[in-house]
Structure formats: structure tokens, C-alpha cells
Amino acid sequence: MVTKLLDYGKPCDTPAIADTPALLVTGVNFSYPQLNHRVLENINLVIHPGENIALVGPNGAGKSTLIKLVAGLEKIQAGTIEVYGNPATACKHRISLVPQRSQVDWSFPVSVREVVMMGRYAHLGWVKRPRQEDHDRVEAALKRLEIDCLAERQVGDLSGGQQQRVMLARAIAHDADLLLLDEPLNHVDIATQELIFHLLEELCEQGKAAITSTHDLGILPVHFCRAVFIDRQVIADGAVDEVLTAENIARAYGFEFHKQKDLSQWLNG
Amino acid sequence: MVEWIIEPLSYAFIMRGLAAAILTGIACAVLSAFVVWRGMSFVGDAMAHAILPGIVLAYITGTSLFFGALGMAVIVAAGIGWLSRRGEIKEDTAIGVIFTGFFALGILMLSRVTSYQDLTHILFGDILGVSTGDLTIMLVIMVIVLAVIFVFYKELLVTSFDPSHSIAIGLSPELVRYGLLMLIALTVVSAIQVVGVVLVLALLITPAAAASQLARRLPAIIGLSVLFAVISAIVGFYASYYANVASGSAVVLTLTVIFGISFGVNTLKNRIK
């Protein structure tokens, strides 16, 4: 309990180890206590710094659960998860989570600026107030997501796309090395989608890594090089056109369609 | 007019009563913003009732009500958490069972050891029986509530708005929730003398419910809640002095009227838009 209290705002005393993957998932199993079947089974995954990958699969495939395990929202039951060579939960500065929209209480009275500042809390911890550096980083994140003019607005008043920009700005202010985005594209306008993708590409060019879960297969070929298809297990992992085969889709979604056609053709268009 | 205002204050016990109502009002109003916006009204009400055995026990043994309430609050919060930990029993069911059970136990203990008079005081408040010692405790409670909310304001924000992010950065939303429940238990110690156990919830809900009709930002909501609570304490108090009605109910009714006006103003404002 006491050690738990000290986790919050702790300085990062486990520096990233050189030449280790951004994320290394080994033999992870998971089941929820109320359900008797496994949600995740023997998941193995390696993501290197600079990689921007899509995590795809049908509803209930365990995409969110995997993201929650990496972010420390669920306890690891079997297997290991390492982030830059250290246990996933060792350093709270290194991982930033953009949760699913439904996980957030959008009606709670907070301003855009206050939410983006929450990205700095991992660095501040108990009692400490934001310093000049924190304010500067929040300002920069607001500008990057083009929402500096909305800074004083209440988050509840914004559109879905604007709200998602706020969450991304928070992740930028967090200054993490591994970004986890759980279904960030739901209820989001095209302009915001484009902004999110450009931002992810830019961050990954700087050597960070990002995982975006989505069930929108159409966007994959345009915005991602690599996709991981999961449905309890890793079904396919590799270049998008190799992963998005009719067989994989049929296997994951439980039906067969256009089996004789080459899917990637219309997915690319 | 001046005489009308000053007259009741010439009695020390009435002065103390008014001070008690204001101190309690401020403490409860600050908390009410979080009780309302986090949707904690049921658990808040439950906590207010379930700590009764602790208060009665402290009353019987002559120890501080402060520690009686706090000790009981820990037991209640732990009990609710333990019962609903595996999701087999829903949390609101666990709250309901524990709340009514403990409240009944409190009443039972009261009926065994004290007179009917004491029972009504605890249930409906006894604002004119406030001693200097009580007033000191109320002041301490108000200072604790204000200090905790001020110091942990950003933790309250993040755990209310986005618990997932909060866990990801190592801050337990459960911990903050239990902290808030403890604060609620503390204000109940204060509020019991002013409005009684039965009406405590009004002080923990109505100020922020009214303020939220008129303000959008949390600091403004908190500020307005405090203002409304203080106005209600004063108006209710004078009403009870001059009209000879129960003071706790007068305070709560004033708050309710303020809510009604705020609601009306907000509805009109939206219509005009």
C-alpha cells in the first residue's frame, strides 16, 4: 500500500536500456475473474523504437485488455511485459495511454488546459504544483494539436474530434516513449484523424513507439506499415498487406467473404 | 432592522449555533462539488447514516465523536469494498445492505442507552446545544476539509475525469475515493448537530447542485456552493429564531429554494438562447 502511494510522481529510476525493444510481450495469458475463458492466450509481441503499429481484431478480441495490461490497468497473470528493457510498470513517465472514450467522464467540469496538464502529473506527483516547464509543455502540446484557442473551454462542450485532440495533447505533454491509443478514431472527424496520424508518424520518427487499436480495417494500408491481428491469440503480425488477407479476416470475424477476391486492392483504394 | 439582526446574537448559545451552521455549511459545500460531479450522492448518504454506531459509541464512552465517526467510516468503506470486490455483489447493493444495517445498529444502540431526546437530537440536529468544544471541532473539521481539497485538488481532478490515466500514472482512484469518503464522514460529525443525520445529504448535494446550474468551471462551482451554504445557514437560522421552527429543516429548505431559483434561472437562460 505504501509503496503504491510512492509510485505516483516517482522519478524514473529505471532508464531505458539501449538496444531493447520499446515493447516486449512474452507468453502473456489473461482471464477476467468473472469469466472462465481466456481473453488473451500466449501473446508474444515485439515492437521496436520508431515503430508505429496498428492492433486490429474483432470486438472482444482482447485488444483493449492487452493495452490495459501494458498500461498497468490490469495485473499481469502469466508471462512478462517489458518496456525499453524494464518491467512495464517500473516507470510511469514512459507509457502514455489514450483510453477509449467511454472510460472518461466527459461531463466532469474541467477545462482543456487542465486536462492537458494531467499529462504532467506523472512528473509532478503528490502536492507539487505545475512549474514553468510544465506550463510551457502544455502550451506546446495545445499548439501542436491546434487547440490552443480552445484552452479555456470545458471539455464537455467540445466535439468528439476536439476531445480526442485534447487526449492526444495530454499524451504529448506526458512526453512518454510508448504511446497506447485504444480506439482513438471512433467519433472523430477526418481532419482530426489526419492530424493524429501525422503526429504519430512524427513521434515515431523521433524514436518513440506507438500502438493504435482499431477495428477500422480500411485505414490500415494508408497509415500503417505494420499491423498485428489478434483474436485471443496473435493471428498475424507483419506488413499490412500480409496481415489483411481474406483468410485472417474470415478466421477472426467468423465468416468468409470475397474469398476469391484480392482484398488489399479495395482496401488500398 | 439592525436590532432585528442583532437581537438573537446577544445570546451566546445562539451565536454558537449560527457559527456552527456556517462552519458546517462551508465544509459540506466544498465537498458537495465533488459528491455531485462524481455521482457519489448515494454512497455519500450511506456514509452519513452508516457511521451512526461509531458516533453513538463515542457518545457513550465520552470519547471524541471525531474519532468515533472516522473509525466507523473506515469500517464502512472497507466493508463496502470487501463485499463488492469480486463483482458478484454490485457495489450499490453492498452499499445499501451495509448502510441500512449499520444505521439500524446505531438507532438500536441509541435506544438502549439514551433518552428519546438524544435520539431526536442526533436524527434532526440540535443547533442550540452547540458547546464551545463542539465549535472547535467543527472549525478543525472545516480546516481539514479545505486543506485536503486544496492540497489534493489535481489528484481529485484526474481521478474524477479519467481513472484509467490515473492508474496508468500510478495514482489509485480507489485511494482518492476512500479519502473523499473519510472527508464526508468528518463533515457528518459536524453536520449532525446542525441538521441531523437524516438531512445531512442535503448539505452534501444541494449547494453544488444549485451552483452547477449557474457556473461551469469547478472553482466557480465550489465558490458558489460555499456562498449558497452560508446564505442558507444564516437565513435558516433567523427563520428558526423568529418563526420558531426547527433550525435544521429551515437551513435545508432555504438551500432547496436556492436550488429552485438557480434551476429556474438556468432554464430561462437556455430558453432565451
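Let me begin by describing the structure that accompanies this report. What you see is a predicted model; the values in this text were computed from it and never measured.

Thoughts on the pattern of salt bridges
Residue and element names in this part refer to chain A.
Now for step 1: The full count for this structure, using the stated rule, is 19 salt bridges over all chains.
Now for step 2: As a salt-bridge pair, Glu51 and Arg226 come within 2.9 Å of each other at their nearest N and O atoms. Taken as a pair, Glu51 in the loop between strand 2 (40-47) and strand 3 (52-56) and Arg226 in strand 9 (residues 226-231) lie far apart in primary sequence, 175 residues in all.
Now for step 3: Take Glu51: its relative accessible area is 21%, and that puts it in the partly exposed class.
Now for step 4: A salt bridge links Arg120 to Glu133; the shortest N-O distance between them is 3.9 Å. Of this pair, Arg120 sits in the loop between helix 3 (112-117) and helix 4 (121-124) while Glu133 sits in helix 5 (residues 132-144), and the two are 13 residues apart along the sequence.
Now for step 5: A residue is classified by how much of its surface remains accessible, and Arg120, at 2% relative accessible area, is buried.
Now for step 6: For Glu133, a relative accessible area of 40% puts it in the partly exposed group.

Some thoughts on the packing of helix 2 (residues 12-37) of chain B against helix 13 (residues 218-243) of chain B
Residues and elements named next belong to chain B.
Now for step 1: One can describe the packing of helix 2 onto helix 13 by two numbers: an axis separation of 8 Å at closest approach and a directional angle of 150°. In this structure, the crossing between helix 2 and helix 13 has a hand that is right-handed.
Now for step 2: Looking at the contact of helix 2 with helix 13 residue by residue, the class counts come to 20 nonpolar, four polar and no charged.

Quick look at the pairing of strand 10 (residues 233-239) of chain A
Residue and element names in this part refer to chain A.
Now for step 1: Bridging between strand 9 and strand 10 involves six bridges; their strand directions are antiparallel. When the sheet's bridge partners are listed, Val228 is paired in strand 10 with Asp237.
Now for step 2: The loop that links strand 9 with its antiparallel partner strand 10 comprises one residue; one of these, Arg232, has a positive phi angle of about 70°.

Comments concerning the pairing of strand 1 (residues 23-30) of chain A
Residues and elements named next belong to chain A.
Now for step 1: Of the strand pairs in this sheet, strand 1 and strand 2 are connected by five bridges, and their pairing is antiparallel. If you follow Leu23 over to strand 2, its bridge partner there is Ile47.
Now for step 2: Bridge analysis of strand 1 against strand 4 (residues 78-83) gives four bridges, and the strand direction is antiparallel. Each bridged residue has a counterpart across the sheet, and for Thr26 the counterpart in strand 4 is Thr80.

Points about the sheet that holds strand 2 of chain A
Residues and elements named next belong to chain A.
Now for step 1: If you trace the four strands from one edge of the open sheet to the other, you get 2-1-4-5, paired in antiparallel fashion. Taken across any chain shown, the strands that pair with only one partner, and hence form the sheet edges, are strand 2 and strand 5 (86-87).
Now for step 2: The strands touched by helix 2 (residues 63-71) are strand 1, strand 2 and strand 4; relative to strand 2, the strand with the most contacts, the crossing angle is about 65°.

So, the nonpolar core
Now for step 1: With 131 residues, the main nonpolar core has Val116 and Tyr121 of chain A together with Phe34, Met47, Ile51, Phe161 and Ile184 of chain B as its most contacted residues.
Now for step 2: When residues of this core are assigned to their parent elements, the largest contribution, 14 residues, is made by helix 2 of chain B.
Now for step 3: When residues no more than four places from it in sequence are discounted, the contact partners of Phe161 of chain B are Val104, Asp105, Trp106, Phe108, Val110, Val115, Met118, Val155, Met167 and Arg170 of chain A.
Now for step 4: Grouped together as the second largest cluster of nonpolar side chains are 32 residues, Leu40, Leu66, Ile67 and Ala209 of chain A included.

Let's talk about the interface of chain A and chain B
Now for step 1: Facing the 41 residues of chain A at the interface are 28 residues of chain B.
Now for step 2: Summing the contributions of chain A and of chain B, the shared interface buries around 3,000 Å²; its carbon and sulfur component is 63%.
Now for step 3: Remark: the boundary between chain A and chain B carries two salt bridges.
Now for step 4: With a closest N to O distance of 2.8 Å, Asp162 of chain B and Arg170 of chain A form a salt bridge.
Now for step 5: The interface formed by chain A and chain B contains 10 residue pairs in polar contact (both at pLDDT 80 or more).
Now for step 6: Mapped by element, the contributors of at least two residues to the side of chain A that touches chain B are helix 1 (2-7), helix 3, helix 4 and helix 6 (160-174) of chain A.

Focus: helix 11 (residues 173-194) of chain B
Side chains three or four residues apart in an α-helix point the same way, a direct result of the helix having 3.6 residues per turn.
All names here are of chain B.
Now for step 1: Compared with an ideal rise of 1.5 Å per residue, which puts 22 residues at 32 Å, helix 11 spans 31 Å between its outermost C-alpha atoms and is within 8% of the ideal.
Now for step 2: A maximum bend of about 30° is found in helix 11 at Val188.
Now for step 3: Within helix 11, 18 of the 22 residues are buried, which leaves the element mostly enclosed by the surrounding structure.
Now for step 4: Gly196, located one to two residues past helix 11, shows a positive phi value of around 85°.

Considerations on the sheet that holds strand 6 (residues 95-98) of chain A
All names here are of chain A.
Now for step 1: Pairing is mixed in the open sheet, where six strands are placed in the order 6-7-8-3-9-10. At either margin of the open sheet sits one strand with a lone partner, and together these are strand 6 and strand 10. If you compare each strand with its neighbour and ignore which way they point, the axes differ by 15° on average.
Now for step 2: The sheet contact formed by strand 3 and strand 8 (residues 209-214) spans five bridges and is parallel.

Points about the side chain of Lys208 of chain A
Residues and elements named next belong to chain A.
Now for step 1: Structurally, Lys208 is set in the loop between helix 7 (190-205) and strand 8.
Now for step 2: For Lys208, a relative accessible area of 12% translates into the label buried.
Now for step 3: For Lys208, the side chain forms a polar contact with the side chain of Asp175, separated by 3.5 Å.
Now for step 4: With residues near it in sequence (within four places) discarded, Lys208 still touches Pro49, Gly50, Glu51, Tyr84, Asp175, Ala176, Asp177 and Leu203.

About the cut-offs
Residues numbered from 1 in each chain as written. Chains lettered and ligands numbered in written order. Predicted model: local features only at pLDDT ≥ 70, side-chain atom pairs only at ≥ 80, totals over all residues. Heavy atoms only, no water. Salt bridge = Lys/Arg side-chain N within 4 Å of Asp/Glu carboxyl O. Helix = DSSP H or I, 4+ residues; strand = E, 2+ residues; numbered from the N terminus. Buried < 20%, exposed > 50% of the residue type's maximum accessible area, 1.4 Å probe, protein only. Axes fitted to C-alpha atoms, helices over the stretch in contact; angles between N-to-C directions. Left-handed = near helix turned anticlockwise from the far one by under 90°. Nonpolar A, V, L, I, M, F, W, Y, C, P; charged D, E, K, R; others polar. Pairing = 2+ DSSP bridges. Contact = heavy atoms within 4.5 Å. Core = buried A, V, L, I, M, F, W, Y, C linked by side-chain atoms within 4.5 Å. Buried area = accessible area lost by both parts, 1.4 Å probe. Polar contact = N/O pair within 3.5 Å; in protein donor to acceptor, adjacent residues only side chain to side chain. Expected span 1.5 Å × (residues − 1). Bend = angle between axes of the 7 residues up to and from the residue.

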